[in-house]
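Structural description and commentary
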Amino acid sequence: MRIPDIFKQRAEEGRPVFSLEVFPPKRKKNKESIYEAVDKLKVTQPDFISVTYGAGGNIADNSTCEIAATIKREYGIETVAHLTCINSTREDVKVMIQRFRDSHIENVMALRGDIVPGEDIKREFAHANELAIEVQRQCADDLDILGACYPEGHYESKSLEEDIQNLKYKIGAGARVLITQLFFDNKEFYRFIKLARQSGINVPVSAGIMPIVKASQIEKTVQLSGASLPHKFTAMIADYEHDPKGLYQAGIDYAVAQCRDLIEHGVQGIHIYTMNDPKVAVRVWEGVRDLL
Ligand code: FAD
């Protein structure tokens, strides 16, 4: 099923789309662990699961397509395969798109990928909108396109306003649904939505939520994301600095409260960054299921 159709259906039912994100295991020998995670995640009856794409762009050992196709086929859960382009040739992209089509994948998240300083990049595609154009050119009828967006602005943009103007290129190139970068302050999300709508961006936007349950995630994920940290969040981290169990529970409670507030404000979708940890994602879902 096409993701925009899922959003349309849920909107008619007056409830948000609930989706999850997983990533391919880094080591081939851990390949099965992703399906063990999905076995546990399926209780949440997600509307779709998205599968990330390695930033390196190496198509030879990329398992995004295989995982997305297996989740769709074996679990009957709709999937979105991510695809990055900054480190890919046009030929690589063509091969991947054909692989998605051959595997009956119907939805692709068109991404640029991060530019890592000092890393040699191909530069055949400069931005996600160029990838979206390529997807459209190759198979407009077979693949629906999603795109990423940034409630606090992408780190390369001078301002949120500039980033939103650039976001329009992606929409113009065919992205029909957006999923946000993680954020911890719902006020930032509401501000972004208001500005995006004022700029004429009318596609559904799903809110990306990452439950922070371990101190190690704070440095790795939180700081890298550039998300601003409201007082409530920093107070939680300080309170549980030396209490891993307490932080685990508080992190889940924080994510649940964030999702409940978003749903009460009419959010179109909640997208949980599961970090392949089904226990945490299921606990967050349990906290919001009465609203879904
Ligand atoms: P773009 O849309 O190209 O934007 C990048 C920057 O360029 C922004 O500052 C934007 O304002 C500007 N810009 C955009 N278009 C134009 C234009 N036409 N002209 C001038 N400026 C422009 N990374 C991965 O490696 N694998 C993944 O699977 C993955 N999944 C993600 C999923 C989500 C929901 C999100 C939010 C991010 C994901 N990322 C992933 C990270 C993403 O690749 C990085 O954030 C990257 O830096 C930007 O990607 P983008 O597609 O938003 O790029």
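Everything numeric in this text was worked out from a predicted model, so none of it was measured.

1. Observations concerning the pairing of strand β5 (residues 144-149)
Across the six residues of β5, six count as buried, placing the element largely inside the fold. Burial along β5 is two-sided: D144, L146 and A148 facing one way and I145, G147 and C149 facing the other are all buried. Of the pairings in the sheet, the one linking strand β4 (residues 107-111) to β5 comprises three bridges and is parallel in character. Following the sheet pairing, M109 is matched in β5 by L146. Crossover connection from β4 via helix α5 (residues 128-139) to parallel β5: handedness right-handed. Following the chain from β5 across helix α6 (residues 160-172) to the adjacent parallel strand β6 (residues 175-180), one finds a crossover that is right-handed.

2. Examining the nonpolar core
Judged by nonpolar contacts, the single largest core of 68 residues is most densely connected at F100, F192 and I272. Other than its neighbours up to four places away in sequence, F100 contacts C65, A81, H82, L83, I105, V108 and L143. Membership of the second largest hydrophobic core comes to 26 residues, among which are I3, I212, F233 and A250.

3. Some words on the pairing of strand β8 (residues 269-273)
Where burial is concerned, most of β8 is hidden: five out of the five residues are buried. Side chains G269, H271 and Y273 of β8 all project onto a buried face; the interleaved residues I270 and I272 project onto the opposite face, where all are buried too. Pairing geometry for strand β7 (residues 205-209) and β8, over four bridges, is parallel. Bridging across to β8, A207 finds its partner in I270.

4. What to know about the site of the ligand
Near the ligand lie 27 residues; those nearest to it are Y53, D114, Y150, H154 and D163. Between H154 and the ligand, the recorded distance is 2.8 Å, taken from a side-chain N or O atom to an oxygen atom. The side chain of K170 places a nitrogen or oxygen atom 3.0 Å from an oxygen atom of the ligand. Contact with the protein chains covers 87% of the free accessible surface of the ligand, which is 970 Å². Within the residue set of the shell around the ligand, elements represented by two or more residues are β3 (79-84), β4, α5, α6 and β6.

5. Some points on the packing of aromatic side chains
With the rule as written, the count across this model stands at four aromatic pairs. On the numbers, 5.3 Å between centres and 10° between planes, the contact of F183 with F189 is stacked. Neither F183 nor F189 differs from the other in exposure class; each is buried. A centroid spacing of 5.3 Å and a plane angle of 80° characterise the contact between F233 and Y254, whose relative ring orientation is edge-to-face. Taken together, the positions of F233 in helix α9 (residues 231-239) and Y254 in helix α10 (residues 244-264) put the pair 21 residues apart, joining distant regions of the chain. Comparing F233 with Y254, the two get one shared label, buried. Here a set of aromatic residues connected by ring pairs shows up, and it is made of F183, F189 and Y190.

6. Some words on the pattern of salt bridges
Enumeration according to the criterion identifies 16 salt bridges in this entry. The salt bridge partner of D144 is R176, with a shortest N-O separation of 2.9 Å. Here D144 is found in strand β5, whereas its partner R176 is found in strand β6, with 32 residues between them in sequence. Of the residues examined, D144 reaches a relative accessible area of 5% and is grouped as buried. Since its relative accessible area comes to 40%, R176 is described here as partly exposed. Across the salt bridge formed by R260 and D290, the nearest N and O atoms sit 2.9 Å from each other. Here D290 lies in the segment after α11 (278-288) and R260 lies in helix α10, a separation of 30 residues in the sequence. When its relative accessible area of 54% is taken as the criterion, D290 is described as exposed. Members of the salt-bridge network, linked through shared partners, are R2, K72, E78, E106, D144 and R176.

7. Overview of the side chain of T52
Inspection of the secondary structure puts T52 in the loop between β2 (48-51) and α3 (64-75). When its relative accessible area of 18% is taken as the criterion, T52 is described as buried. The residues touching T52, leaving out its near neighbours within four places in the chain, are E21, V22, F23, P24, T64 and H82.

8. A look at helix α1 (residues 3-13)
Considered for burial, the residues of α1 that qualify are I3, P4, I6, F7 and R10. Along the axis of α1, the buried residues cluster in a sector spanning 155°; they form a single face. Residues K8 and E12 are exposed on α1 and point more than 90 degrees away from its buried face. Where α1 terminates, the next one or two residues include G14, which has phi positive at roughly 75°.

Basis of the calculations
- Residues numbered from 1 in each chain as written.
- Predicted model: local features only at pLDDT ≥ 70, side-chain atom pairs only at ≥ 80, totals over all residues.
- Heavy atoms only, no water.
- Buried < 20%, exposed > 50% of the residue type's maximum accessible area, 1.4 Å probe, protein only.
- Helix = DSSP H or I, 4+ residues; strand = E, 2+ residues; numbered from the N terminus.
- Pairing = 2+ DSSP bridges.
- Right-handed = clockwise from strand over helix to strand, strands pointing away.
- Core = buried A, V, L, I, M, F, W, Y, C linked by side-chain atoms within 4.5 Å.
- Contact = heavy atoms within 4.5 Å.
- Near = heavy atom within 4 Å.
- Polar contact = N/O pair within 3.5 Å; in protein donor to acceptor, adjacent residues only side chain to side chain.
- Areas by Shrake-Rupley, 256 points an atom, 1.4 Å probe, with all protein chains shown as cover.
- Phe/Tyr/Trp six-rings, centres within 6.5 Å; stacked < 30°, edge-to-face > 60°.
- Salt bridge = Lys/Arg side-chain N within 4 Å of Asp/Glu carboxyl O.
- Arc of directions from axis to C-beta.

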